[in-house]
Amino acid sequence: MAELLSIGTVAARAGVSVAALRHYEERGLVHPVRDAAGRRRFPRHVLRRLAVVAAGQRVGLSLADIAEALSTLPTDRAPSAREWAGVGKRWQTLLDQRIRELQTLRTSLTGCIGCGCLSMTRCTLFNPHDEAAAEGEGSRWLRAATTDGEPTV
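Residues numbered from 1 in each chain as written. Predicted model: local features only at pLDDT ≥ 70, side-chain atom pairs only at ≥ 80, totals over all residues. Heavy atoms only, no water.

(A) Main features of the packing of helix H1 (residues 7–14) against helix H2 (residues 18–26). The contact between H1 and H2 brings their axes to 9 Å, and the two run at 100°. With respect to their mutual orientation, H1 and H2 come out roughly perpendicular. Contacts from Ile7, Gly8, Val10 and Ala11 in H1 reach Val18, Leu21 and Arg22 in H2. Looking at the contact of H1 with H2 residue by residue, the classes come out as five nonpolar, one polar and one charged. (Axes fitted to C-alpha atoms, helices over the stretch in contact; angles between N-to-C directions. Helix = DSSP H or I, 4+ residues; strand = E, 2+ residues; numbered from the N terminus. Parallel < 35°, antiparallel > 145°, perpendicular 65-115°, else oblique. Contact = heavy atoms within 4.5 Å. Nonpolar A, V, L, I, M, F, W, Y, C, P; charged D, E, K, R; others polar.)

Here it is as structure tokens:
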């Protein structure tokens with residue numbers, strides 16, 4: 001059987017806390033095995049999964065997005081290059097969406113926020129009678145980036 005690493009060793013190697021590693025386990029991102037004493041032990045290949053988790057978080061993917069992609073990979077062995085490529089394809093759509101949202105945010109930051117105009121004809125922040133409430137919770141000012149695929153101001 002391949003060498004199994006303790007939770008502390010994996011956390012240190014991955015640059016995360018033990019608590020974060022336990023959280024990732026709860027979210028289905030990593031899958032330890034238990035030794036005879038009931039302690040978590042991780043196969044060495046889990047370090048690559050954790051690197052992918054960190055990369056996904058750095059580019060703004062949620063843990064749910066990351067977990068969905070990783071759920072297609074085997075947990076009992078290191079994934080093949082083809083299996084990793086499948087994860088990359090799944091993320092392309094998500095990342096393209098994030099890029100559109102970031103482009104809209106950049107345009108809005110330089111073209112509107114702080115200008116004081118709040119033009120009723122072109123301002124993306126203008127929301128008469130709280131119409132955006134029908135679209136769901138949270139800020140809706142980036143909705144153009146998520147609906148038509150083209151960043152607008």
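(B) Fine view of the side chain of arginine 98. With respect to the helices and strands, arginine 98 occurs in helix H5 (residues 81–111). A distance of 3.0 Å separates a polar atom in the side chain of arginine 98 from a polar atom in the side chain of aspartate 65. When residues no more than four places from it in sequence are discounted, the contact partners of arginine 98 are Val59, Gly60, Leu61, Ser62 and Asp65. (Polar contact = N/O pair within 3.5 Å; in protein donor to acceptor, adjacent residues only side chain to side chain.)

(C) Highlighting the nonpolar core. Counting residues in hydrophobic clusters, the biggest one holds 24 residues, and the most contacted among them are Val10, Leu21, Leu29, Ile66 and Leu70. Contributing elements (two or more residues each) for this core: H1, H2, helix H3 (46–58), helix H4 (63–70) and H5. Those residues in contact with leucine 70 that lie beyond four places of it in its chain are Leu29, Arg49, Val52, Val53 and Trp84. (Core = buried A, V, L, I, M, F, W, Y, C linked by side-chain atoms within 4.5 Å. Buried < 20%, exposed > 50% of the residue type's maximum accessible area, 1.4 Å probe, protein only.)

(D) A look at the pattern of salt bridges. With the rule as written, the count across this model stands at six salt bridges. For aspartate 65, the salt bridge goes to arginine 98, with nearest N and O atoms at 3.0 Å. Linking aspartate 65 in helix H4 with arginine 98 in helix H5, this pair joins segments that are 33 residues apart in sequence. What makes aspartate 65 buried here is its relative accessible area of 17%. Here the salt bridges share partners, and the residues they tie into one network are Asp35, Arg39 and Arg41. (Salt bridge = Lys/Arg side-chain N within 4 Å of Asp/Glu carboxyl O.)

(E) Summary view of the sheet that holds strand E3 (residues 40–43). Sheet architecture is open: three strands sit in the order E1-E3-E2, paired in antiparallel fashion. Where the open sheet ends on each side, the last strands, each with one partner, are strand E1 (4–6) and strand E2 (33–34). When E2 meets E3, the two strands line up antiparallel, connected through two bridges. Bridge pairing in E3 links arginine 34 to arginine 40. Contacts from H1 reach E1 and E3 within the one sheet, and its direction differs from that of E1 by about 85°. (Pairing = 2+ DSSP bridges.)

(F) Structural detail: the packing of H1 against H3. It is at 10 Å that the axes of H1 and H3 come closest, and there the two elements cross at 45°. As summarised for this structure, H1 and H3 are arranged oblique, according to the angle between their axes. Of the two elements, H1 crosses H3, and the hand of that crossing is right-handed. For the pair formed by H1 and H3, the contact residues are Val10, Arg13 and Ala14 on the first element and Val46, Leu47 and Leu50 on the second. Each residue belonging to the contact of H1 with H3 can be placed in one class, and the counts come to five nonpolar, no polar and one charged. (Left-handed = near helix turned anticlockwise from the far one by under 90°.)

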